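What follows is each chain in one-letter form.
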Amino acid sequence: MDIKIDISKTLGFVSSEEINQYKPQVEKALEQLHNASGKGNDFLGWLTLPSDIKPQLEDIKQTAALLREKCEVIVCVGIGGSYLGAKAVIDALSNSFEWLNPSKPQIVYAGQNIGEDYLFELQTLLKNKRFGIICISKSGTTTEPALAFRLLKTQLEKQQGKESAKELIVCITDKARGALRTLATQEGYKTFVIEDNIGGRFSVLSPVGLLPIACAGFDIDHLILGAEKMMQVTREKSFENNPAAQYAAVRNALYAKGKKVEMLVNFNPKLHFMSEWWKQLYGESEGKENKGIFPASADFTTDLHSMGQYIQEGERHLFETVISVDQPKHEVDFPYDENNLDGLNFLAGKRVDEVNKMAELGTMLAHVDGGVPNIRISMPQLQEYYLGQLIYFFEKACGISGYILDVNPFNQPGVEAYKKNMFALLDKPGYEEASKAIKARLS
């Protein structure tokens, strides 16, 4: 079984003919990707990653086993694509309450913010604990992870001693250059390489995502097998047999009709961080040259009690892409109650998932009736194999969609703007002129 896409609930908003008009653009985009002839073609290493990464899997698993054996807590240090993909998969596969009664090393995160209280509380948690660090950064100088890594490295060396700390630090970084590569070489840390042709938001199927996922105890072999299957499926030139091509075409057809906001929706709370990873993937890839669909997300049914009113009756610039999980891992039947004060005895004997599925169907009908087109992506279960498929599906569709928009989906020039201002305000050497200009603006 594979993940599937259903675009039938968009056809009241765009016609089959309008979608089919994108076929030539989709075919051209696929050709540009596979022939490396489009914009950003020096960042296409992710296209064949599910096959290319296989020789490294044993080393990744052995490194993860070592960290799992020696650590109570493993801190994944990174920001954006350096942590979101791993967290998305780990959260999707983990017991929601395992952190209250951990039976294996806990994966926590740092370097994704500059919160002083967060870092203080993390350092307090790690006191007197056996912890390890996975630091993920191509350059080693990105402010948030560099700051967190310096703090945690210092703490680990104080608690374990400098020599012992070396065995508990793994760096995933550039092959030959950058501050983190230099430090790792000097200190003798175990390292994995982020290849030059793989951008951060497309790196989850590289050691960037695979090592933390393996450290959490999950099966990276099956994750990669699922991704490899989707890699094969999405090489298909036939529009009807390529789900990534269909998704890219439909979302652009809706965009052309004024649907400027796409909400990635799930009815399983374990998928919250899959949405966070997806938002970076599409926002950073398509949001350029005053173009691009704005990526948003919602967790249903939770957010139906907060955002449901706007989605149902607000401005009609939305469409939804719903990730639906066919089968949950566990079974819970709804009980009968003699008093029936809540009036729910009509549900007695039904599985909770049946109630959830009817909520999903009812929501889709209501939103479509209210002017919100729906794309539905169904996956058989929350398992590594299907998550690998889902990740690669979204990545491939993102590349196609970016080329349809005629932007470079593999760069992110706008990300640097806030950094330049921040460095100037902090009086970083080399930013003297910018500092004067900004401070004059603020005076």
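Just above, that's the structure.
Described below are features of the structure shown in this document. (Residues numbered from 1 in each chain as written. Predicted model: local features only at pLDDT ≥ 70, side-chain atom pairs only at ≥ 80, totals over all residues. Heavy atoms only, no water.)

Let's shift gears to the layout of surface pockets. The probe, sized like a water molecule, is rolled over the atoms to show the empty space still left. Reported here for the largest pocket is a volume of approximately 920 Å³. Taken together, 36 residues line the largest pocket, and the ones lying closest to its centre are Thr142, Gly200, Gln412, Glu416 and Lys419. Put simply, the parts of the chain that give the lining of the largest pocket at least two residues each are α7 (143-160), α13 (272-286) and α17 (416-425). Here the lining of the largest pocket gets five residues from one element, more than from any other, and that element is α17. For the lining of the largest pocket, the class distribution of residues is 15 nonpolar, 15 polar and six charged. Estimates place the volume of the second largest pocket at around 670 Å³. Together, 27 residues line the second largest pocket, and Asn268, Lys270, Pro328, Lys329 and His330 are the ones closest to its centre. The set of elements that each furnish at least two residues to the lining of the second largest pocket consists of α5 (84-93), β9 (318-325) and α15 (352-369). (1 Å grid on protein atoms, 1.4 Å probe; cavity = no way out; pocket = protein on both sides within 12 Å on 5 of 7 lines; lining within 4 Å. Points joined across faces, edges and corners; volume = space filled by probe spheres on them. Helix = DSSP H or I, 4+ residues; strand = E, 2+ residues; numbered from the N terminus. Nonpolar A, V, L, I, M, F, W, Y, C, P; charged D, E, K, R; others polar.)

With that settled, the discussion passes to the packing of aromatic side chains. All chains considered together, the criterion is met by 17 aromatic pairs. Between Tyr247 and Tyr282, the ring centres sit 6.2 Å apart and the planes meet at 75 degrees, which makes this aromatic pair edge-to-face. Of this pair, Tyr247 sits in helix α12 (residues 243-256) while Tyr282 sits in helix α13, and the two are 35 residues apart along the sequence. Under the relative-accessibility criterion, Tyr247 is labelled buried at 0%. Tyr282 sits in the buried class, given a relative accessible area of 0%. Three or more aromatic residues joined by ring pairs make a cluster, and in this case those are Tyr247, Trp277, Trp278, Tyr282, Phe393 and Phe394. The ring centre of Phe192 lies 4.9 Å from the NZ or CZ of Lys190, which sits over that ring. (Phe/Tyr/Trp six-rings, centres within 6.5 Å; stacked < 30°, edge-to-face > 60°. Buried < 20%, exposed > 50% of the residue type's maximum accessible area, 1.4 Å probe, protein only. Lys NZ or Arg CZ within 6 Å of the ring centre and 35° of its normal.)

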